Amino acid sequence: MKTNEIILAIETSCDETAAAVVKGGTELLSNVVATQMDIHQKFGGVVPEIASRHHIEQITLVIEQALDEAGMTMEDIDAVAVTEGPGLVGALLIGVNAAKSLAYAHDIPLIGVHHIAGHIYANRLEQEFRFPLLSLVVSGGHTELIYMRDHGDYEVIGETRDDAAGEAYDKVAKALALPYPGGPVIDRLAQDGDDLYNFPRAWLEKDSYDFSFSGLKTAVINKLNQLKQKDEEYRIEDLAASFQNSVIEVLVEKTYKATMDLDVKQLIVAGGVSANKGLRQALQDRFQHTDVELMIPPLYLCTDNAAMIGAAASIEYHKQHYKDLKLNANPGLMLG
């Protein structure tokens, strides 16, 4: 088995059609992403049927571009990796069937990858992991703390009980009549606002690493309605800052407690919300005087991409955790 295997990776879990070529799990040879953000923006969220249709239109073009940019053909590829789940079932099916076709046609291994494992391993394209480590995963559908003792060993020690952080951002943005996706817009507005409203922080039980953002979302909407009913003046920047500060404080403090309790060497941040400037700065401030090495991916690796799938697939390749052609999309796939 090759040490520096070359993997063609495919990602179609939501509204990004992506393909990448990754060497040895750490060297990125190409990374192509065809986004549908402008298409779904008018609907205020991702429409699954539209997403699937656009994946069908883009998947072959994206794969060909990824191979071209890497200077490779399928004859150079040692394995094909694809996001197996979680995600939108129709969207996942496009990537899975494309990967199965390529693996069968070229008689090479097929590797199924968990989407969240991909987000975590995006960081390994920048720097090697040191175990044990903790990963804070924050995205539109996930907010989790994952403890890792070794490569491919995932233990979820904390997760959201309702809305994920990114989901809360989108719902609050919609209430504030802001465009989709809401996270980047609220983050930008928050930089010019003040935390005037002191929204609640959901700490839950004393020793819990779980999260809850549904109550915070409701508190913001109630405050907005109250201000409108009383015809009081308000700045949307202040509402954004107050909401964001509440989210960030809970994320950072629960993560900090877990890193201290578990005595980890690294903290890896992953997922689309890891692009949030406020969160990145707060984590850097909180961990700068600790022995925990903070790893935050560059912006191009925060959102959905195939490079992260190729990086995660390298671990499964060396363990020979291959899939057969019965591989199917699994929208509820568990990590571990």
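Procedures and definitions
- Residues numbered from 1 in each chain as written.
- Predicted model: local features only at pLDDT ≥ 70, side-chain atom pairs only at ≥ 80, totals over all residues.
- Heavy atoms only, no water.
- Salt bridge = Lys/Arg side-chain N within 4 Å of Asp/Glu carboxyl O.
- Helix = DSSP H or I, 4+ residues; strand = E, 2+ residues; numbered from the N terminus.
- Buried < 20%, exposed > 50% of the residue type's maximum accessible area, 1.4 Å probe, protein only.
- Axes fitted to C-alpha atoms, helices over the stretch in contact; angles between N-to-C directions.
- Parallel < 35°, antiparallel > 145°, perpendicular 65-115°, else oblique.
- Left-handed = near helix turned anticlockwise from the far one by under 90°.
- Contact = heavy atoms within 4.5 Å.
- Core = buried A, V, L, I, M, F, W, Y, C linked by side-chain atoms within 4.5 Å.
- Phe/Tyr/Trp six-rings, centres within 6.5 Å; stacked < 30°, edge-to-face > 60°.
- Pairing = 2+ DSSP bridges.

1. A look at the pattern of salt bridges
Link 1 in the chain: On inspection of all chains with the given rule, the structure shows 15 salt bridges.
Link 2 in the chain: Ionic pairing is found between Glu-84 and Lys-323, a salt bridge with its closest N-O pair at 3.6 Å. Note that Glu-84 is positioned in strand E4 (residues 79–85) and Lys-323 in the segment after helix H10 (307–318), a separation of 239 residues in sequence.
Link 3 in the chain: Given the relative accessible area of 35%, Lys-323 is considered partly exposed.
Link 4 in the chain: Among the ionic pairs, Glu-249 bridges to Arg-201, the shortest N-O distance being 2.9 Å. With Glu-249 in helix H8 (residues 236–262) and Arg-201 in the loop between helix H6 (182–190) and helix H7 (214–229), the pair connects residues that are 48 residues apart, well separated along the chain.
Link 5 in the chain: What emerges from the salt-bridge pattern is a single network uniting Asp-163, Glu-167, Lys-171 and Lys-217.

2. Quick look at the packing of H7 against H8
Link 1 in the chain: In the contact formed by H7 and H8, the axes pass within 11 Å of each other and the chain directions differ by 160°. Compared by their axis directions, H7 and H8 come out roughly antiparallel. Relative to H8, the crossing made by H7 is right-handed. Each of Leu-216, Val-220, Lys-223, Leu-224 and Leu-227 in H7 lies in contact with H8, whose residues at this interface are Leu-239, Phe-243, Ser-246 and Val-247.

3. A few points about the nonpolar core
Link 1 in the chain: The biggest cluster of nonpolar side chains holds 45 residues, and the ones touching the most others in it are Ile-186, Phe-213, Phe-243, Val-247, Leu-251 and Leu-279.
Link 2 in the chain: Listing elements by their share of this core, those giving two or more residues are strand E6 (133–138), strand E7 (143–148), helix H5 (165–175), H6, H7, H8, strand E9 (266–270) and helix H9 (277–287).
Link 3 in the chain: Of all the elements, H8 adds the most residues to this core, at 10 residues.
Link 4 in the chain: When neighbours within four sequence positions are excluded, Leu-279 is seen to be in contact with Val-138, Ile-248, Leu-251, Val-252, Val-273 and Ser-274.
Link 5 in the chain: In this structure, Ala-20, Tyr-121, Leu-301 and Met-308 belong to the second largest nonpolar core, which totals 36 residues.

4. What to know about the packing of aromatic side chains
A ring pair, where both rings are aromatic, is described by two values, the distance of the centres and the angle of the planes.
Link 1 in the chain: According to the stated counting rule, one finds 7 aromatic pairs in the structure shown.
Link 2 in the chain: Aromatic side chains Phe-211 and Phe-213 sit 6.2 Å apart centroid to centroid with 10° between the ring planes, which places their arrangement in the stacked category.
Link 3 in the chain: Three or more aromatic residues joined by ring pairs make a cluster, and in this case those are Tyr-121, Phe-129 and Phe-131.

5. Regarding the sheet that holds strand E2 (residues 16–23)
Link 1 in the chain: Spatially, E3-E2-E1-E4-E5 is the arrangement adopted by the 5 strands of the open sheet, whose pairing is mixed. In this open sheet, the two edge strands, each paired with only one partner strand, are strand E3 (27–35) and strand E5 (110–114). Across the sheet, the mean angle separating the axes of adjacent strands is 20° when strand polarity is ignored.
Link 2 in the chain: Bridge count for strand E1 (residues 6–11) against E4 is 4 bridges, and the pairing is parallel. Considered in E4, the bridge of Leu-8 is made with Val-80.
Link 3 in the chain: Of the strands in this sheet, E1, E2 and E3 touch helix H2 (residues 48–70), which is tilted by about 25° from E2.

Geometry only, nothing functional implied.
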